[in-house]
Amino acid sequence: MQVHTTIASLRAARAHAGRVAFVPTMGNLHDGHIALVREAARHADTVIASIFVNRLQFGPREDFDKYPRTFEADREKLAAAGVAHLFAPTEAAMYPQPQSYHVDPDPGQASILEGACRPGHFRGVATVVLKLFNIVEPEAALFGKKDYQQFMVLRNMARELALPIEIIAGETVRAADGLALSSRNGYLTASERAEAPRLYRQLAAIAAAVRQGARDHAGLEAAAIAELERHGWRPDYLSVRRRADLQAPRQPDETLVVLAAARLGTTRLIDNIEI
Ligand code: PAF
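Please read these numbers as outputs of a predicted model, since none were measured by experiment. (Residues numbered from 1 in each chain as written. Predicted model: local features only at pLDDT ≥ 70, side-chain atom pairs only at ≥ 80, totals over all residues. Heavy atoms only, no water.)

Each helix and strand in the chain was counted, giving 11 helices and nine strands. Since a compact globule built from 275 residues should have a radius of gyration of about 19 Å, the 19 Å found for the chain is in line with a globular shape. By principal-axis analysis of the C-alpha atoms, the chain measures approximately 55 × 40 × 35 Å. Split into buried and exposed, the 275 residues of the chain put 53% on the buried side. Taking the intrachain contacts of the chain between residues at least 6 apart in sequence as the baseline, contacts between residues at least 24 apart amount to 72%. Entry remark: accessible area of the chain is about 12,800 Å², with carbon and sulfur atoms responsible for 51%. (Helix = DSSP H or I, 4+ residues; strand = E, 2+ residues; numbered from the N terminus. Rg over C-alpha atoms; globule rule 2.2 N^0.38 Å. Buried < 20%, exposed > 50% of the residue type's maximum accessible area, 1.4 Å probe, protein only. Contact = heavy atoms within 4.5 Å. Areas by Shrake-Rupley, 256 points an atom, 1.4 Å probe, with all protein chains shown as cover.)

The buried fraction of strand S5 (residues 140-144) amounts to four of the five residues, a majority that puts the element mostly inside the structure. When strand S2 (residues 20-25) meets S5, the two strands line up parallel, connected through two bridges. Paired with Phe-22 across the strands is Ala-141, a residue of S5. Where S5 meets strand S6 (residues 166-170), five bridges bridge the pair, whose relative direction is parallel. Across the sheet, the residue bridging to Ala-140 is Glu-166, located in S6. A crossover connection joins S5 to the parallel S6 through helix H8 (residues 148-160); in handedness this β-α-β unit is right-handed. (Pairing = 2+ DSSP bridges. Right-handed = clockwise from strand over helix to strand, strands pointing away.)

Turning our eyes to something else, we now look at the layout of surface pockets. Considered as a void within the structure, the second largest pocket measures approximately 210 Å³ in volume. If you trace the second largest pocket, you find 15 residues lining it, with Ile-51, Phe-52, Val-53, Arg-69 and Pro-89 closest to the centre. Residues belonging to the lining of the second largest pocket are distributed by class as follows: nine nonpolar, three polar and three charged. (1 Å grid on protein atoms, 1.4 Å probe; cavity = no way out; pocket = protein on both sides within 12 Å on 5 of 7 lines; lining within 4 Å. Points joined across faces, edges and corners; volume = space filled by probe spheres on them. Nonpolar A, V, L, I, M, F, W, Y, C, P; charged D, E, K, R; others polar.)

A few words now on the environment of Gln-57. Among the structural elements, Gln-57 can be located in the loop between strand S3 (46-51) and helix H3 (71-80). Placed 147 residues apart in sequence, Gln-57 and Ala-204 show a C-alpha to C-alpha distance of 29 Å. Among residues more than four places away in sequence, those in contact with Gln-57 are Met-26, Glu-62, Arg-118, His-121, Gly-124, Val-125 and Val-128.

For the rest of this paragraph, the subject is empty space enclosed by the protein. Under the criterion given, the structure shown has one cavity of 30 Å³ or more. In this structure, the largest cavity spans a volume of roughly 40 Å³. Lining the largest cavity are Leu-179, Ala-180, Ser-182, Asn-185, Ala-196, Leu-199, Leu-269, Ile-270 and Asp-271. Here the element with the most residues in the lining of the largest cavity is strand S9 (residues 267-274); it accounts for three residues. Of the residues contributing to the lining of the largest cavity, the split by class is six nonpolar, two polar and one charged.

Let's shift gears to the pattern of salt bridges. In this structure the tally under the stated criterion is 20 salt bridges. Here Glu-62 ties to Arg-118 by a salt bridge, and the two come within 2.6 Å at their closest N and O atoms. Of this pair, Glu-62 sits in the loop between S3 and H3 while Arg-118 sits in the loop between helix H6 (114-117) and helix H7 (121-136), placing them 56 residues apart in sequence. Taking the shortest distance from any N to any O, the salt bridge between Asp-271 and Arg-174 comes out at 2.8 Å. A residue pair is termed long-range when its members are at least 10 positions apart, and Asp-271 in strand S9 and Arg-174 in the loop between S6 and helix H9 (190-195) qualify at 97 residues. Overall, the relative accessible area of 26% leaves Arg-174 in the partly exposed class. (Salt bridge = Lys/Arg side-chain N within 4 Å of Asp/Glu carboxyl O.)

Moving on to the sheet that holds S5. In space, the six strands of this open sheet follow the order S1-S4-S3-S2-S5-S6, with parallel pairing throughout. Each end of this open sheet is capped by a strand with a single partner; those strands are strand S1 (2-4) and S6. Neighbour-to-neighbour, the strand axes of the sheet open up by a mean angle of 25°, direction not taken into account. (Axes fitted to C-alpha atoms, helices over the stretch in contact; angles between N-to-C directions.)

Below, the discussion takes up the site of the ligand. Every residue close to the ligand is listed here: Pro-24, Thr-25, Met-26, Asn-54, Gln-57, Val-128, Val-129, Phe-143 and Gln-150. Between the ligand and Gln-57 there is a distance of 2.6 Å, counted from an oxygen atom to a side-chain nitrogen or oxygen. Here Gln-150 contributes a side-chain N or O atom positioned 2.7 Å from an oxygen atom of the ligand. Against a free-state accessible area of 290 Å², the protein chains account for coverage of 88% of the ligand. Classifying every residue of the shell around the ligand by side-chain character gives five nonpolar, four polar and no charged. (Near = heavy atom within 4 Å. Polar contact = N/O pair within 3.5 Å; in protein donor to acceptor, adjacent residues only side chain to side chain.)

Spelled out as structure tokens, the structure:
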């Protein structure tokens, strides 16, 4: 695997790479990322991954500075998984001058749920992803469903801006006890880690109830929030939405997803289950 720290070096290698599938990451890789790499290989001649902790998508009081940076371990995992080229730019290479042009996603999609709790987050995500797309020029790009709203925003960005890139979703990878794998799980203390799967269990219980015909979404959501709070969580949201645009469901036949974000101690976890 070749590691490229400059845009010029990555572009020179990409020119000979054939059909490319791209897996953008912020590093601190877990099995969820590796599953995306393996899926990527099914869609292309060459898999290119990136590692870049993108300052633009973190709020001023968020964890940009303490976000785990584990480059050597990440490099080994990506090489073992068959990545041909790793783009790992320095901040100076990605943002040689402050980024003054941005992608503003539709506020109806980007200012709800995660966007309501993290103002400007999806603007930062969409801006860096479009920039990475312009550097890598992939035919396909893969994003995990754990960040469900991120996937939706990026898929819609690709559609609306007519990007010639297939946006592919990867399933959420979970630990044996149900906790969705996430780089932020590393912030949890041992007792928080034992508590953390409750978020998944609450979502799974709602998904099961709705599949069996329960229609009182508000009642199910309130009961799950109360149960989390009883166990020391501080939920930001827990909500049944329609998959297509993450708005409140209106028709009985819509396909749904239940999404949540909640803090356990100082760690903010998100998860979702398609219903
Ligand atoms: O999902 C992530 O890790 C990031 O949001 C992404 C897509 C790499 C953009 O920085």
